[in-house]
Amino acid sequence: MAKTASDTKAKRSAKDAAGGQGEVKKSKAAARKAKGTGTGTGGKGGSGKKAAKAELKAAAIAAAEKAARPDVLGTAASATVARTTAENPPQEEDLAVATVRKVAMEGAKTRSEHDLLGDGEVPADALWGIHTKRAVANFPITGVSVGHYPELVRALALVKQAAARSNHRLGYLPKGKAKIIEEACTLVATDPTYAESFVVDAIQGGAGTSTNMNANEVIANVGLRLMGKAPGDYAALHPNDDVNMAQSTNDAYPTALRLAVIFATQPLVKALDDLAYAFKSKAVEFADVLKMGRTQLQDAVPMTLGQEFDGFHATIKEDVARLTEIVGLFREVNLGATAIGTGINADPRYAALAVEELSRLSGQPMVLASNLIEATSDLGAFVLFSGVLKRVAVKLSKICNDLRLLSSGPRTGFGEIRLPAVQAGSSIMPGKVNPVIPEVVNQVAYMVIGHDLTVTLCAEGGQLQLNAFEPTIGYCVLSSLRMLTAAIDTLTKRCIDGIEADRERCRSLVQGSIGLVTALAPTLGYEASSRIARRALKENRAVADLVLEEGLLTEAQLNGLLELEAMTHPTRRQKAGTVV
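The rules behind the values
Residues numbered from 1 in each chain as written. Predicted model: local features only at pLDDT ≥ 70, side-chain atom pairs only at ≥ 80, totals over all residues. Heavy atoms only, no water. 1 Å grid on protein atoms, 1.4 Å probe; cavity = no way out; pocket = protein on both sides within 12 Å on 5 of 7 lines; lining within 4 Å. Points joined across faces, edges and corners; volume = space filled by probe spheres on them. Helix = DSSP H or I, 4+ residues; strand = E, 2+ residues; numbered from the N terminus. Nonpolar A, V, L, I, M, F, W, Y, C, P; charged D, E, K, R; others polar. Salt bridge = Lys/Arg side-chain N within 4 Å of Asp/Glu carboxyl O. Pairing = 2+ DSSP bridges. Phe/Tyr/Trp six-rings, centres within 6.5 Å; stacked < 30°, edge-to-face > 60°. Buried < 20%, exposed > 50% of the residue type's maximum accessible area, 1.4 Å probe, protein only. Lys NZ or Arg CZ within 6 Å of the ring centre and 35° of its normal. Axes fitted to C-alpha atoms, helices over the stretch in contact; angles between N-to-C directions. Parallel < 35°, antiparallel > 145°, perpendicular 65-115°, else oblique. Left-handed = near helix turned anticlockwise from the far one by under 90°. Contact = heavy atoms within 4.5 Å. Polar contact = N/O pair within 3.5 Å; in protein donor to acceptor, adjacent residues only side chain to side chain. Disulfide = S-S within 2.5 Å. Core = buried A, V, L, I, M, F, W, Y, C linked by side-chain atoms within 4.5 Å.

Per an unreviewed UniProt entry, the recorded name for the protein chain is Aspartate ammonia-lyase, and the organism is Methylorubrum extorquens.

Spelled out as structure tokens, the structure:
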């Protein structure tokens, strides 16, 4: 049986923890040795004691960090740009910020890389390089890395693969390099473990340059390994000259982000379809359960519980249609636009070829934007799509509000339905069960609504030929997609599928409701019906009893007017006319 990613991570974490304990033991042994054989001027190894204590403290800190964090990068390559050494242990204020990727590099094998700012050390076996290293140091913002979004990692790899194919077809990229880049991209796109090397924070300055360079470096180093060479040997395969050939962040990143949204929408649509089916199933199950409908939280007219759930089904199916329609806007991309849309540094034939190859690789019918300058700076598709996600969130939240009301009580509320009991509801009130699943969906909805406002502000904040805030737009949209999908799956499986109706409670509420009089109004007239309603409220009596008492209808007539079909569907029992 194949090992899962979670199994691998769990074993890795256990190994790291054991390794960390081993380092502490080694340091303790060193401390004991220093205590007995120190050569300090104090005659008792004073300086040796201090050195041993410092070494022990540093090792303990490093071991604790190593044991506590998930090893997101796999090996010593998970060391980040922020060094924590024995001479410079972490300060208290460091612990208050995002330090997910701050680990000790002391003792790790490194390689030297060079960029615009100079030389820098990178862990020898890291698949990322110096550009990624600087980005991790510059943007410790959310603790959520690009690798957190597998759809984006896959899309980035496919964009790079399409570019390599196109550049080879045009004669710019040698066959050998093109083949290696293709193989590397295929690995990155299909093997989820490579997402661990996409370590830059999802929210970053630079309009996505850090993400693009992270992808270039990972793909180049995966390719180098395939060639039997060490990571960082860029003379054989270069992140910029080869992997990023004929590209800019400003066309590669937006294209990948749009493709990632298409990928991430598919599971959301499925989740919504499953939820709609669950509501439809309940609508059929509850088709004969008579209950009272309400407007403004006041009794209105009778309906069936099945009709109520069928309404939930219909509104969810509407959202499936809107999502499927709007996500199509992301099929238009600016790949080949390079820096600002003029296509500088790319062959005139490259853009069309690259989009053709991307369509073939992704299985999605992507098209080249008609105006690449406009497409490079405009984020209107994200605004519209985010608005649809907000619509989904608002409607889901309203449904969950209804579920919480309908299940309230169980004795002192509506109590018309029973939600599945999934956990104890209180640490102090025995027997209390809370509607925790609808509650969590409500909270996800509020997050999505907030993300929509952020997307709006980011799209508006763009300037001239580029919008520098696209990383935050990507973070918000992809996060909303992921959260909504998870929340909807949870709602379906852990709530809707297990809902039960309290049939007796529903019927008793109808029988005692003054709203019944509305079903009698076409026969009795508005004035007589109003009088009956006032008496029922004042005397706390049933409408049916008062109608019979006043002799307004016979018992047979009354029973006929209060049949389920008569009260829950369009029908007139008297004075039927002809449609003209």
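Turning our eyes to something else, we now look at empty space enclosed by the protein. Once rolled over the atoms, a probe with the size of a water molecule shows which space is left empty. Within this structure, the stated rule accounts for three cavities of 30 Å³ or more. Every residue lining the largest cavity is listed: Val146, Tyr149, Leu152, Ala202, Thr211, Tyr253, Leu257, Pro471, Gly474, Tyr475 and Leu478. For the lining of the largest cavity, the elements supplying multiple residues, two or more each, are α8 (249–285) and α14 (470–494). Element by element, the count of residues in the lining of the largest cavity is highest for α14, at four residues. In terms of residue class, the lining of the largest cavity is made up of nine nonpolar, two polar and no charged.

Moving on to the pattern of salt bridges. One pass over the full model with this rule turns up 35 salt bridges. In this structure, the salt-bridge partner of Lys395 is Asp319, at a minimum N-O distance of 3.1 Å. Here Lys395, found in helix α12 (residues 380–406), pairs with Asp319, found in helix α9 (residues 305–326); they are 76 residues apart in sequence, far enough to count as distant. One connected set of salt bridges, linked through shared partners, spans Arg165, Arg169, Glu182, Glu356, Glu357 and Arg360.

Another aspect to go through is the pairing of strand β2 (residues 118–123). Note: strand β1 (residues 110–115) against β2, six bridges, orientation antiparallel. Considered in β2, the bridge of His114 is made with Asp119. Here β1 folds back onto β2, and the loop between the two strands holds two residues.

A complete count under the given rule lists six aromatic pairs for this structure. Aromatic pair Phe330 and Phe385: ring centres 5.3 Å apart, planes at 80°, arrangement edge-to-face. Linking Phe330 in the loop between α9 and β5 (332–333) with Phe385 in helix α12, this pair joins segments that are 55 residues apart in sequence. Each member of the pair, Phe330 as well as Phe385, carries the same accessibility label: buried. When the ring centre of Phe263 is taken as reference, the NZ or CZ atom of Arg154 above it lies at 3.8 Å. The cationic tip of Arg294 hangs over the ring face of Phe414; the distance from NZ or CZ to the ring centre is 4.2 Å.

α14 packs onto α12 with a crossing angle of 30° between their chain directions and a minimal axis gap of 11 Å. When the axes of α12 and α14 are compared, the pair comes out roughly parallel. In this structure, α12 meets α14 at a crossing whose hand is left-handed. Residue-level inspection shows Phe382, Phe385, Leu389, Val392, Ala393, Leu396, Cys400 and Leu403 of α12 in contact with α14, the latter providing Glu470, Ile473, Val477, Ser480, Leu481, Leu484, Ile488 and Leu491. Looking at side-chain class alone, the contact of α12 with α14 contains 14 nonpolar, one polar and one charged residues.

Mapping Lys291 onto the fold places it in strand β3 (residues 290–295). Overall, Lys291 belongs to the buried group, its relative accessible area being 1%. As for Lys291 and Val301, which are separated by 10 residues in sequence, their C-alpha atoms are 8.8 Å apart. There is a polar contact of 2.8 Å between the side chain of Lys291 and the side chain of Glu416.

Inspection of the sheet shows β3 paired to strand β4 (residues 298–304) by five bridges, in the antiparallel sense. Residue pairing in the sheet places Thr295 in a bridge with Gln298 of β4. Turn length for the β3-β4 hairpin, with the two strands adjacent in sequence and antiparallel, is two residues, and the turn residue Gln296 shows positive phi of about 55°.

Attention now goes to the state of the cysteines. In total, this model carries zero disulfides according to the counting rule given. Between Cys400, a free cysteine, and Cys495, which holds the nearest cysteine sulfur, the sulfur-to-sulfur gap is 7.1 Å. Given a relative accessible area of 2%, Cys495 falls into the buried group.

The subject of this paragraph is the nonpolar core. Counting 125 residues, the largest nonpolar core has Phe309, Phe385 and Leu491 as the members making the most contacts within it. Ranked by residue count, the leading element in this core is α8, at 19 residues. When near neighbours in sequence (up to four residues on either side) are disregarded, Leu491 contacts Leu275, Leu396, Cys400, Leu403, Ile437, Val441 and Ile496. With 13 residues, the next largest nonpolar core counts Val517, Ile532, Val543 and Leu553 among its residues.

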